[in-house]
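Given next are the chains, with one letter for each unit.
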Amino acid sequence: MPNKKTIDEKTVKHVAGLSRINLSGKEVKLYQRQLTGILGYINKLNELDTKDTLPTSHPLGNLKNVFRKDSVRKSLSAEDVLKNAPAKKDGFFKVPKIIE
Amino acid sequence: MKDYEIVIGLEAHVQLLTESKVFCGCSTKFGLAPNSSTCPVCLGLPGVLPVLNEKAFLYAIKTALALNCRIQDIIKFDRKNYYYPDLPKNFQISQYDKPLAYSGYIEIEHNNAKKKIRITRVHLEEDAGKLIHEPGKGLSYVDFNRTGIPLLEIVSEPDISSPEEGSAYLQELKSILQYLKVSDCNMEEGSLRCDANISVRPRGEGSLGVKAELKNMNSFKAVRDALSYEAKRHVELLRKGERIVQETRLWNERKQITELMRTKEETHDYRYFPEPDLVPFTVDKKEIDRIKRSLPELPQAKKKRFIALYGLGKYDAGVLTRDMEISNFFEETIKLFDNPKKIANWLSGDIASILNERKITIGRTRFKPAHLAELLDLIHTEEITGKMAKEILPEIFDRGISPKEIVRSKGLKQIKDAGELASVIDDVLRENKKSIDDYKKGKVNALIFLVGQVMRKTKGQANPKIVNEILKKRLEGGG
Ligand SMILES: [Zn+2]
């Protein structure tokens, strides 16, 4: 059952908000058009008859139950961990305070 | 409150007792230097792949079966997406529509009534990092050691109808997890955390009231207090005819109130989708049966056995079996001193207070079942009095040496000899003429008082039974 899903401006703003991205009015319009196009393209899949197909969550169909043993391995050195951090102090990453 | 009904569901997060994290080999040890237990996987660096810790998975299955759950045929993981500094990958590996297990229950006993609390779901996920805020500076410090620690989320149905019942449920859950040895459930260290959903409705009303979500309750007492506070707040709003708003509230321990954290409109949209980096997992029926058979005796079953086998009362049996170490200690002691009631009294009385005071579990002390058995034997053979035993108890805890040894080295012994007691009793009678008159006027309490005086003068060493007999004779014989 193919359904024509369109993305409205409200959805674009919502998704941008979730991703902490500020969009101008022009950008909202642009992404609305592009995202609707992408969704329409993906929607082609809905034309397939999947009546006899089991839902798949993973492309490697036959692979399952891959585990590792519970054993401790060496972690990164304190130096390496913080190497790329823009700001650090006493072994911690330093970030702007975020109040939820 | 009588006209209203409280409806509570609890969501517990339990840290599983593995050596390494759930998707990488970093250590789970508590209290390490900040960020010293992190690697490319748990820091979410590009190009890394998570691999599931087999023990974490088995512990999760074991717990689910002990909670009478059904195991999902195909277990998969999902990404829960949100942006927050404690989450380096910007998503948490969790489980959404196919939790590891579902439809379970546990049985609790509260106010002498048994009740089943249904478990909605049990799922495995990774913990987030720890944020330390620096007040006034607009800065936070991030420690990712906790990121990737295996957590089990256990969600109950809204079957809980009072704050006390909520606390009983949590206590039962904690006991079960400790019996299974899958978590140490230390609320202070955060290895057991609990959120709650609570709503109230007029008694008899069919549909549920608007719920509030409560967070930040860090002890059993806090859970009880926060739920009580919130229930009262809802009832007051309803009485005033006001509308209750669906929101998330934080328990403020210092002020003993709940405070608004966010309203429903601000609720997150997590955009769950399947975790493509982890393959699905299955547990076949044979394996499920094998794990079921290997489950240890659980607290409720042990409690029933203690009542039937040792003739203990419900209350005593409940106190002893709540803690697995205590219940084992009890049974070890019985092998050496066959008086369950006496052992139970000591364990739930003086021994429990010492453990409470020192904030320690019995397994971590130097006090052993043989010590308790010997102590009870010394009382039984009347070598020392109960009072003397209580006095030397802390020393046995401190030094881990035999009670006999302490009795010998301190020269403690019970005074049973009438001649030896006579002079003390003379003194007491001389000093308490009024009590003698009282007794003669028929006040039985006066005798108890006089026995107490003799005990005090002998520092608890006199045999109270013999003192009682002598005193009675003296008083009735005309003193
Ligand atoms: Zn790691």
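Bear in mind the structure is a predicted one, so any value in this text is a computation, not a measurement.

### A few points about helix H9 (residues 369–380) of chain B
Residue and element names in this part refer to chain B.
1) Next: With 12 residues, H9 should reach 16 Å at 1.5 Å per residue; the first-to-last C-alpha distance of 16 Å fits that figure.
2) Next: Every buried residue belonging to H9 is among Pro369, His371, Leu372, Ala373, Leu375, Leu376 and Leu378, and all of these are buried.
3) Next: On the buried face of H9, the contacting elements are helix H7 (324–334), helix H8 (340–358), helix H10 (386–399) and helix H11 (403–410).
4) Next: Looking at the residues trailing H9, positive phi occurs at glutamate 382, about 60°.

### Some remarks on the pattern of salt bridges
1) Next: Here the structure, examined in full by the defined rule, presents 43 salt bridges over all chains.
2) Next: The salt bridge involving Asp70(A) is made with Lys55(B); its shortest N-O contact spans 3.9 Å. One end of the pair, Asp70(A), is in the loop between strand E1 (67–68) and helix H3 (78–82); the other, Lys55(B), is in helix H1 (residues 54–66), on a second chain.
3) Next: Judged by its relative accessible area of 32%, Lys55(B) is partly exposed.
4) Next: Between Lys76(B) and Asp78(B) there is a salt bridge whose closest N-O contact spans 2.5 Å.
5) Next: With relative accessibility at 11%, the residue Lys76(B) sits in the buried group.
6) Next: It is possible to trace a salt-bridge network through shared partners that takes in Glu230(B), Arg233(B), Glu247(B) and Arg249(B).

### Comments concerning the environment of Arg293(B)
1) Next: Looking at where Arg293(B) falls in the secondary structure, it is placed in helix H4 (residues 285–294).
2) Next: Separated by 33 residues in sequence, Arg293(B) and Leu260(B) have C-alpha atoms that sit 46 Å apart.

### Section: the coordination of the zinc ion
Residues and elements named next belong to chain B.
1) Next: For the zinc ion, the full set of protein donor atoms is Cys24 (SG), Cys26 (SG), Cys39 (SG) and Cys42 (SG), and the range of their distances to it is 2.3 to 2.4 Å.
2) Next: Around the zinc ion, the 4 donor atoms are arranged such that angles at the metal cover 100 to 115°; this shape is classified as tetrahedral.
3) Next: Of note, the donors binding the zinc ion are all from one chain and are spaced C-x1-C-x12-C-x2-C. In this pair, cysteine 26 is assigned in the loop between strand E1 (4–15) and strand E2 (52–53) and cysteine 39 in the loop between E1 and E2, connecting sequence segments 13 residues apart. With respect to class, cysteine 26 is no different from cysteine 39; both count as buried.

### Considering the nonpolar core
All names here are of chain B.
1) Next: One finds Ile61, Ile71, Leu100, Ile154 and Tyr169 to be the most contacted residues of the largest nonpolar core, which totals 72 residues.
2) Next: The element contributing the most residues to this core is H1, with 8 residues.
3) Next: When near neighbours in sequence (up to four residues on either side) are disregarded, leucine 100 contacts Phe57, Ala60, Ile61, Ala64, Arg70, Ile71, Gln72, Ile75, Gln95, Val122, His123 and Leu124.

### Here's the deal with the packing of aromatic side chains
1) Next: In total, this model carries 16 aromatic pairs over all chains according to the counting rule given.
2) Next: Pairing Tyr96(B) with Tyr272(B) gives two aromatic rings, centres 4.0 Å apart and planes at 10°, and the pair type is stacked. Of this pair, Tyr96(B) sits in the loop between strand E5 (91–94) and strand E6 (101–110) while Tyr272(B) sits in the loop between strand E14 (257–263) and strand E15 (273–274), and the two are 176 residues apart along the sequence.
3) Next: In this structure Tyr96(B) comes out as partly exposed when scored by relative accessible area, which is 43%.
4) Next: The rings of Phe67(A), Phe23(B), Phe57(B), Phe77(B) and Phe281(B) are connected pair by pair, giving a single aromatic cluster.
5) Next: Just above the ring of Tyr105(B) sits the side chain of Lys116(B); from NZ or CZ to the centre is 4.3 Å.
6) Next: A cation over an aromatic ring shows up here: Lys390(B) above the ring of Trp346(B), its NZ or CZ 5.8 Å from the ring centre.

### Some thoughts on the packing of H9(B) against H11(B)
All names here are of chain B.
1) Next: Running from amino to carboxyl end, H9 crosses H11 at an angle of 50°, the nearest separation of the two axes being 8 Å. Between H9 and H11, the angle falls in the class oblique. Seen from H9, the contacting residues are His371, Glu374, Leu375 and Leu378; seen from H11, they are Pro403, Lys404 and Val407.
2) Next: Here the residues of the contact of H9 with H11 are counted per class, giving 4 nonpolar, 1 polar and 2 charged.

### Regarding the domain arrangement of chain B
Residue and element names in this part refer to chain B.
1) Next: Structurally, chain B comprises domain 1 (4–287), domain 2 (299–410) and domain 3 (418–475).
2) Next: Put simply, the middle of domain 1 and the middle of domain 2, counted by C-alpha atoms, are 35 Å apart.
3) Next: Domain 1 puts 12 residues into the contact, and the matching count from domain 2 is 11 residues.
4) Next: Counting each side, the surface lost to burial between domain 1 and domain 2 is near 980 Å², with a carbon and sulfur contribution of 50%.
5) Next: Considering only the surface of domain 1 that becomes buried against domain 2, Glu109, Glu172 and Tyr179 emerge as the three largest contributors, covering 53% of it.
6) Next: Run the count over domain 1 and domain 2 and you get 2 salt bridges.
7) Next: The partner of glutamate 109 in a salt bridge is lysine 303, and the shortest N-O contact between them spans 2.9 Å.
8) Next: Summed over the shared surface of domain 1 and domain 2, the result is 5 residue pairs in polar contact (both at pLDDT 80 or more).
9) Next: Breaking the side of domain 1 that touches domain 2 down by element, the ones donating at least two residues are E6 and helix H2 (163–179).

Reading the values: rules and limits
Residues numbered from 1 in each chain as written. Chains lettered and ligands numbered in written order. Predicted model: local features only at pLDDT ≥ 70, side-chain atom pairs only at ≥ 80, totals over all residues. Heavy atoms only, no water. Helix = DSSP H or I, 4+ residues; strand = E, 2+ residues; numbered from the N terminus. Expected span 1.5 Å × (residues − 1). Buried < 20%, exposed > 50% of the residue type's maximum accessible area, 1.4 Å probe, protein only. Contact = heavy atoms within 4.5 Å. Salt bridge = Lys/Arg side-chain N within 4 Å of Asp/Glu carboxyl O. Donors = N, O, S within 2.8 Å, 3.2 Å for Na, K, Ca; no water. Tetrahedral: all angles 85-135°; square planar, octahedral: opposite > 155°, others 65-115°. Core = buried A, V, L, I, M, F, W, Y, C linked by side-chain atoms within 4.5 Å. Phe/Tyr/Trp six-rings, centres within 6.5 Å; stacked < 30°, edge-to-face > 60°. Lys NZ or Arg CZ within 6 Å of the ring centre and 35° of its normal. Axes fitted to C-alpha atoms, helices over the stretch in contact; angles between N-to-C directions. Parallel < 35°, antiparallel > 145°, perpendicular 65-115°, else oblique. Nonpolar A, V, L, I, M, F, W, Y, C, P; charged D, E, K, R; others polar. Domains from an automatic or database assignment. Buried area = accessible area lost by both parts, 1.4 Å probe. Polar contact = N/O pair within 3.5 Å; in protein donor to acceptor, adjacent residues only side chain to side chain.

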